[in-house]
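Chain by chain, the residues:
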Amino acid sequence: MIFASLKETADFLEKKGELAVIDHEVDPYLEMAEITRQVHDAQGPALLFTRVKNAGFPALSNLFGTWERTLKIFEPQLAYVKALVDIRSDPAALVRSPSSGVKAARALMRAMPVKMPVKTPASRGPAMRTTIDRLPRIQCWPEDGGAFLLLPQVFSREPGYASILRSNLGMYRVQISGNAYALNNDVGLHYQIHRGIAVHHKRALELGRPLKVSIFLGGPPAHTLAAVMPLPENVPEVAFAGALAGRNFRYSEQDGFILSNDADFCITGFIVPGRTKPEGPFGDHLGYYSLAHEFPYLKVVSVRHRPGAIFPFTVVGRPPQEDSNFGRLIHEITRSAVTDTLPGITAVNAVDDAGVHSLLLAKAHERYVPYAPLEPRELLTHASAILGTGQLSLAKYLCICAHEDNPDLDINDEQAFFTHLLERMDFQRDLHFITRTTMDTLDYSDASLNRGSKVVMAAAGPVKRRLSHTLPGGISLPDGFSSPAIAARGMVAIKGPAFTDYAAAEADMARLAAHLEAIGGLEGLPLFAVVDDPGFAAGCFANFLWVTFLRSNPSHDIYGAGETLVHKHWGCKGPLVIDARIKPFHAKPLTPDPDVARRVKEMGRSGGPLHGLI
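Summarised in this report is the structure supplied together with it. Just so it is clear, the structure is predicted and the values come from calculations on it, not from any experiment.

**Thoughts on the overall build of the chain**
In terms of regular secondary structure, the chain is built from 17 helices and 32 strands. Against the 2.2 N^0.38 benchmark of 25 Å for 614 residues, the chain shows a C-alpha radius of gyration of 25 Å, consistent with a compact globule. For the chain, the proportion of its 614 residues judged to be buried stands at 57%. Restricting to contacts in the chain with at least 6 residues of sequence separation, those with at least 24 account for 72%. Carbon and sulfur atoms provide 54% of the accessible area of the chain, an area that totals close to 24,000 Å². Separation of charge centres in the chain, based on 63 positive and 64 negative side chains, amounts to 6 Å.

**Quick word on the packing of helix α12 (residues 414-424) against helix α15 (residues 541-550)**
Their axes nearest at 10 Å, the elements α12 and α15 cross at an angle of 60°. Residues E414, Q415 and F418 of α12 form the contact with α15, whose own contacting residues are F541, L545 and F549. Taken together, the residues that form the contact of α12 with α15 break down as four nonpolar, one polar and one charged.

**Digging into helix α9 (residues 237-245)**
Counting buried positions along α9 gives nine out of nine residues, so the element sits mostly inside the fold. Those residues of α9 not exposed but buried are E237, V238, A239, F240, A241, G242, A243, L244 and A245.

**Remarks on the pattern of salt bridges**
Per the counting criterion, the structure on display carries 31 salt bridges. Members of the salt-bridge network, linked through shared partners, are D405, E423, R424 and R466.

**Focus on the nonpolar core**
If you look at the biggest cluster of nonpolar residues, it comprises 55 residues, and the most contacted ones within it are I35, F49, L149, F311 and F313. For L149, the contacting residues outside a window of four places in its chain are L135, V174, I176, I215, L217, I267 and F311. With 50 residues, the next largest nonpolar core counts Y80, L151, A243 and Y251 among its residues.

**Looking at the sheet that holds strand β12 (residues 250-254)**
In spatial order, the strands read β4-β12-β13; together these three strands make up an open sheet with mixed pairing. A strand with exactly one partner marks an edge of an open sheet, and here the two such strands are β4 (114-115) and β13 (257-260). Pairing geometry for β4 and β12, over two bridges, is parallel. Across the sheet, residue K115 finds its bridge partner in β12, namely Y251.

Each value, and the rule that gives it
- Residues numbered from 1 in each chain as written.
- Predicted model: local features only at pLDDT ≥ 70, side-chain atom pairs only at ≥ 80, totals over all residues.
- Heavy atoms only, no water.
- Helix = DSSP H or I, 4+ residues; strand = E, 2+ residues; numbered from the N terminus.
- Rg over C-alpha atoms; globule rule 2.2 N^0.38 Å.
- Buried < 20%, exposed > 50% of the residue type's maximum accessible area, 1.4 Å probe, protein only.
- Contact = heavy atoms within 4.5 Å.
- Areas by Shrake-Rupley, 256 points an atom, 1.4 Å probe, with all protein chains shown as cover.
- Lys, Arg positive; Asp, Glu negative; His and termini not counted.
- Charge placed at Lys NZ, Arg CZ, Asp CG, Glu CD.
- Axes fitted to C-alpha atoms, helices over the stretch in contact; angles between N-to-C directions.
- Nonpolar A, V, L, I, M, F, W, Y, C, P; charged D, E, K, R; others polar.
- Salt bridge = Lys/Arg side-chain N within 4 Å of Asp/Glu carboxyl O.
- Core = buried A, V, L, I, M, F, W, Y, C linked by side-chain atoms within 4.5 Å.
- Pairing = 2+ DSSP bridges.

Worth remembering: the numbers are spatial, not functional.
Below, the structure is given as structure tokens:
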């Protein structure tokens, strides 16, 4: 559908039976987020809250809460944009399917932003004035530092350029209350490493001038998706927003600030050079709090809204959440673009269950030495390309397999992929580390912000071992280790002693590795994860991925039986051991307030405002 506003989207969903109106007064402190979580978990509808405590606007959540609803919102424009991306990646597709050319042309016609006259108060654009304290100040988790804008579209333009095509539109965290922020006067602006706004901020700092920023909320749903799209640097998000919306991005300019004419809200302000304030904590999409750190902040100049404005928000936490459908959409749109940008790579999967950037799976061609026994050679070239490309470069664990070994291997079936990988890896040859490098800002597996390590696990060639789905009878473990549990074929979770420091950890892991080597008979169990709670980690494969790859830093936490170090290349005979215990510097996992969760559950009883929704 083509939507000109968030209200049109809500009206469409209500007609489709995909929206519930909540007229009961709700509290933006924890309660609205808990309602949204419970309705999302029940695969329920989008929620329009008409009475938000201490706020002057209604709020909308769970808009993209199911895959089916997400497709209803974006079709048929999604097909047009996919056709445009496919033709850009493979121009011959136009010859094979002329209809795809028609679809691509329709998307392209809507890509150029359109400048509109400055709006008047009587217009449909965001011309009416308000203040931050009139917005729904939603706090999602008990230990969050305050209230946040949870679906912001943060717009910046490269200093020194007037064209809107020299711009960035990103979804960066915006804290609107709490900490040292003066309510209504300044808001926190947390942008992670490898984000487009950083280039503009750096240029503004070089020029010694404030960076003007606009924050849009609402508008066509395509504008929200555009803010999270990993686009090439020469493709402005506002162009993608128009193409996907089926409606050119409409904007005006006032006092040097860009205003989105279709947004429900527009906050303008500037980043003052050289100043920061503490931002956070914030319950993030990894399932943990990201901690408080110094970040730039925005001095607020104005807060505008359109008549009938609706305040959109989402709730993030351990996947899957509403934003998981964003990731799925991005995969749908960019599949051909990835293989075009990275020739030889046939598929990638940033694993949602492991927090996206923690674990990246890939398939690629292995063709370098076709006359010799197959082993990872070209795969390592492909791995280097992946780790040098856009947001893929944030991957902590990159597991890559030869396409030729099983062309039909489904990269989105994580358990099948790991079976394939572990059956073929040579642990003395196929692990390649990058130490002391930049990492995802939200990853706390290292004690330092934005710092950590990476490992490439490569596999090519015939099966070397068959994986077992059972433990050997009477398996023994050294003192301090217990409760082994099979998480999946070939993968074991075991309880280790509580982590104190890395000196003790190295001694403990050395004892474990030596013991595993000594008892033998573990060829079918090549991967052991040392955890705090094996019952939870092995409870389902999603738990195993979340615990193992989020809570470990490859250079510090990978060990193995029969370790070797040859010309600075680390390897082991196996099994491989990953220390995924909680460390003292790790961020805390997210836990809802039990009283609020209980109160919301009561609302779902007969006669309650959420009856039939949860």
